[in-house]
Amino acid sequence: MITPAFDLSQDPEYLILSIRVPYTRTSEFDLYVDGTDFKFFAKPYFLRLTLPGRIVEDGREKAKFDIDKGLFILRVPKETAGEHFEGLQMLTSLLAPKGSRSAKPLVEDLSSGNVGDEEEEDEEDFDWQVEQEVYTEQSEEELKAQQKYGFGNQRSGVFARLQEELSDVIDIKNPEGTTAAERRQGRLEAEASAFSPDHYLADFFEDDEIKGLLKFKPWWAKLSPSTEQVEEAAVSFTDDEKEQLRKFTNRSYLLDKTSRHQAWLSLVDILLAHCYEVRATEGEHSVESPWTIRKLSGTLCWLETYVSLQEVLVSFGRRVLCFPLYRHFALVSAALADTTKILQTGRACVLKCLLDVHKVFRENEPAYILNDLYITDYCVWIQRVKSNKVTAFAEMLQKASLRKEDLELELEELEEAATMVAEEEGASESAPISRGVCSGASSDSSGSSASSDESEESEEEERSKDSPPQPQPTSTASPIPQEPPSTLPSAERKVDALPSASQGTRQLIQELGERVAKELKISQDSSCKAERSCSQLSSTEAKTEASGSGGSSGTLLELRPQRNPLLIVQPRDDPDDSDFLS
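About the criteria used
- Residues numbered from 1 in each chain as written.
- Predicted model: local features only at pLDDT ≥ 70, side-chain atom pairs only at ≥ 80, totals over all residues.
- Heavy atoms only, no water.
- UniProt positions renumbered as here; feature names shortened; annotations may be inferred.
- Helix = DSSP H or I, 4+ residues; strand = E, 2+ residues; numbered from the N terminus.
- Contact = heavy atoms within 4.5 Å.
- Areas by Shrake-Rupley, 256 points an atom, 1.4 Å probe, with all protein chains shown as cover.
- Pairing = 2+ DSSP bridges.
- Salt bridge = Lys/Arg side-chain N within 4 Å of Asp/Glu carboxyl O.
- Buried < 20%, exposed > 50% of the residue type's maximum accessible area, 1.4 Å probe, protein only.
- Axes fitted to C-alpha atoms, helices over the stretch in contact; angles between N-to-C directions.
- Expected span 1.5 Å × (residues − 1).
- Left-handed = near helix turned anticlockwise from the far one by under 90°.

Identification of the protein chain as Protein SHQ1 homolog from Scophthalmus maximus is taken from an unreviewed UniProt entry. Turning to the protein chain, the UniProt annotation filed under Sequence similarities (unreviewed entry) states: "Belongs to the SHQ1 family."

Details of the overall build of the protein chain
When helices and strands are counted, the protein chain shows 19 helices and 9 strands. Pairs at least 24 residues apart make up 73% of the contacts formed inside the protein chain by residues separated by at least 6 positions. Accessible surface, the protein chain as shown: approximately 31600 Å² in total, 48% of it carbon and sulfur.

Digging into the pairing of strand β4 (residues 45–55)
Bridging between strand β3 (residues 30–42) and β4 involves 7 bridges; their strand directions are antiparallel. Residue F40 lies in a different strand from β4, and its bridge partner there is L47. The antiparallel pairing of β3 with β4 creates a hairpin that spans 2 residues between the two strands.

Describing the pattern of salt bridges
In the structure shown here, the tally under the stated rule is 19 salt bridges. Across the salt bridge formed by R54 and E79, the nearest N and O atoms sit 3.2 Å from each other. Taken together, the residues R54 in strand β4 and E79 in the loop between β6 (71–77) and α1 (91–94) connect sequence positions 25 residues apart. For R54, a relative accessible area of 41% translates into the label partly exposed. Beyond isolated ion pairs, a larger network of salt bridges with shared partners links R184, R187, E191, E304, E311, R318 and R319.

With respect to the sheet that holds β6
On the basis of which strands lie adjacent, the open sheet formed by 4 strands has the order β1-β2-β6-β5 and antiparallel pairing. Edge positions in the open sheet fall to β1 (5–10) and β5 (62–66), since each of these has one partner strand only. For this sheet, the mean angle separating the axes of adjacent strands, direction not counted, is 15°. Relative to β6, strand β2 (residues 14–20) runs antiparallel, the two sharing 7 bridges. Paired with R20 across the two strands is L71, which belongs to β6.

Quick notes on helix α12 (residues 309–320)
Along its 12 residues, α12 runs 17 Å from first to last C-alpha, staying within 8% of the 16 Å computed at 1.5 Å per residue. Counting buried residues along α12, 10 of its 12 residues qualify, which places the element largely inside the surrounding structure. Inspection of α12 places L309, V312, L313, V314, S315, F316, G317, R318, R319 and V320 among the buried residues, and these make up the whole buried set.

Points about the packing of helix α9 (residues 257–280) against helix α13 (residues 329–345)
Running from N to C, α9 and α13 point in directions that differ by 115°, and their axes come no closer than 8 Å. In the crossing of α9 with α13, the sense of the turn from one axis to the other is right-handed. Mapping the contact onto sequence places V268, L271, L272, C275, Y276 and R279 in α9 and L331, A334, A335, L336, D338, T339, I342 and L343 in α13.

Brief notes about the environment of P52
Of note, P52 is situated in strand β4. Residue P52 is classed as partly exposed on the basis of its relative accessible area of 38%. Taking C-alpha positions, P52 is 9.6 Å from S93, a pair spaced 41 residues apart along the chain.

Dropping the structure here:
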C-alpha cells in the first residue's frame with residue numbers, strides 16, 4: 001500500500017483533510033472515523049492517522065474530489081466545537097508506527113499516561129539539577145563497551161563499519177574507544193591549536209563584511225513569539241518538507257532524565273550552528289554549508305555530550321572563532337539571538353530548521369551519516385515534545401549570557417594590544433608628515449624671500465645691462481595715464497610660487513626691452529602671500545626704481561601675480577610703440 005501525500009487544517013468546527021490520490025477510481029473510496037482514529041483507503045493508497053483531537057461522523061461531514069488534480073478534500077466535524085487541535089503540521093507524529101495495529105508504540109513507558117507523553121514530567125519547569133553518584137573505578141573494557149553517541153546516546157558501533165567516511169564526518173579518530181572526557185579534551189586542544197590571532201584581529205578591525213552579515217534578516221526574524229494557533233499559521237512547510245515528514249518513520253523515544261537533558265542541549269548546539277550558517281551565507285546554502293554546520297557543532301563534529309547550557313555556548317563561541325571564514329564575536333551573539341527566537345516561536349519553527357539541516361546533509365555524500373545519528377531522530381522527537389517545554393527552554397536560553405572572557409582565548413588582551421599598536425603606528429606616521437609640512441612651509445618661506453631678494457638684485461643688474469642710457473626727452477615729462485591692461489596668453493594662469501613667476505618675468509622683460517629700446521622703463525612689482533600650516537609668509541610689495549639720468553618717463557611694465565602677470569602701459573605720445581605692443 002502507498003501512503004498518499006496529505007495535509008491537515010482546521011476551522012472552529014471542522015477538521016479539513018486534503019489527500020492527494022492521483023490515478024485512482026472515484027467510486028472506490030473508503031473512510032473510517034472514530035474519535036482520534038482516522039482511516040482512508042483508495043486503492044492503491046492507504047492512510048491512517050492518530051489525531052490530536054476527537055472527530056465524529058454525524059452526517060455533517062462533506063467530501064469533494066478534484067479529478068484533474070487528483071485531490072480528495074474531506075471536512076469532518078469536531079466532537080467539541082471550537083476546540084483547537086495542536087500539532088497538525090507535525091505529519092510524522094500523526095502517522096501510526098510502521099507494522100503496528102494501533103497508534104501505540106511497540107515499546108511503551110507504562111509510567112506515562114498516554115502515548116507520546118514520555119516527555120511529560122511532574123514539574124512544569126525544567127529541572128537542570130543532574131543527579132550525582134559516587135564515582136567508582138571501572139575497567140578499560142567496561143569503559144569501551146559503554147561508549148555511545150548519537151541522539152540520546154543510543155547508538156554505538158556505527159563508525160566501526162564506516163572507517164572510510166570517518167575522517168570526512170567527524171574529527172575523532174577512534175570514536176568507539178574514546179570516552180566522553182577524552183572527546184572533550186581532544187576538542188579543546190584542537191580548538192586551541194586552530195585559533196589564529198591574526199585571522200581574528202583581521203575580522204575585528206576590517207569588519208565591513210561582518211556588519212553586512214549582521215544586518216541580514218533571516219526568515220524567522222519576521223515571526224513573533226505566539227500561541228500554538230498563530231504559530232501554525234505563521235510557519236509553513238514546502239512540499240518537499242512535507243514529503244520528507246511523511247517519509248520519516250514514527251518512533252517513540254524512551255529517554256531517562258540525563259539523556260533527555262543532553263538531547264535538549266545538543267539541539268541548541270545544532271541550531272546555533274545552523275543559524276550561523278544561514279547568516280554567513282545570507283540564506284543561500286553553498287557547497288561549504290555541510291562542513292560549516294558540522295564543524296561549528298561540537299555534537300556533530302566531536303560527538304560531544306554537554307552537561308550544562310553554558311558549556312554549549314562556550315563550545316560554539318570558541319569554534320566560531322577558530323574554523324569558519326568569518327570569525328567575529330558579534331556573529332556568535334547574533335546566532336544566540338536567532339536560536340532564542342526560533343525556540344520562542346515554537347516547535348514548527350524548530351522543525352523547519354531541522355528539516356533544512358537534514359536536506360543539507362542529505363545532499364552531501366559523507367554528511368548523510370549525521371542524519372542517521374542525530375537529525376532524523378530530532379525531526380521525529382521534536383514533534384512529540386510539548387509546546388510548553390520548548391517555551392520554557394527558550395526562556396532559559398534568553399537569560400543565558402556569553403562573554404569574551406568565557407571563551408578563554410584572551411580575546412580582550414589581543415584587541416587591547418592590537419589597538420595600542422595601531423594607535424602608535426598612526427602617531428608615528430602622522431608625526432613625520434606634520435614635521436615635513438612645517439619644515440616645507442618654513443623652507444618655502446625662506447626660499448621665497450631669498451629668491452625674491454635675489455630676483456630683485458638680478459633685475460637691477462639686467463636693467464643696467466640691457467637698457468642703454470636714455471636721451472633727454474624733447475617734450476616735458478608729464479604723468480602717464482594708464483590704459484586698461486592687456487592680457488597676454490600666459491596671463492591666464494595664476495602664479496602659485498614667486499620664484500617661477502620671477503624667472504618667466506625676466507625672460508619677457510629681456511625680449512620686450514630689446515624691442516622697445518630706449519624709452520622703455522621696467523619695474524618689477526613682486527608680491528606673494530603663501531599661507532602654510534606652520535607659518536605665514538609676509539607679502540612683498542612691488543618696488544619701482546627709475547633708471548636714467550633725466551626726469552623723462554617711459555612705458556611702465558608691472559608684474560601682478562594676484563591677477564595678470566604683466567601690465568603694460570603705453571605713453572600717449574608714441575603711437576608706433578602703442579601699435580606694436582597692442
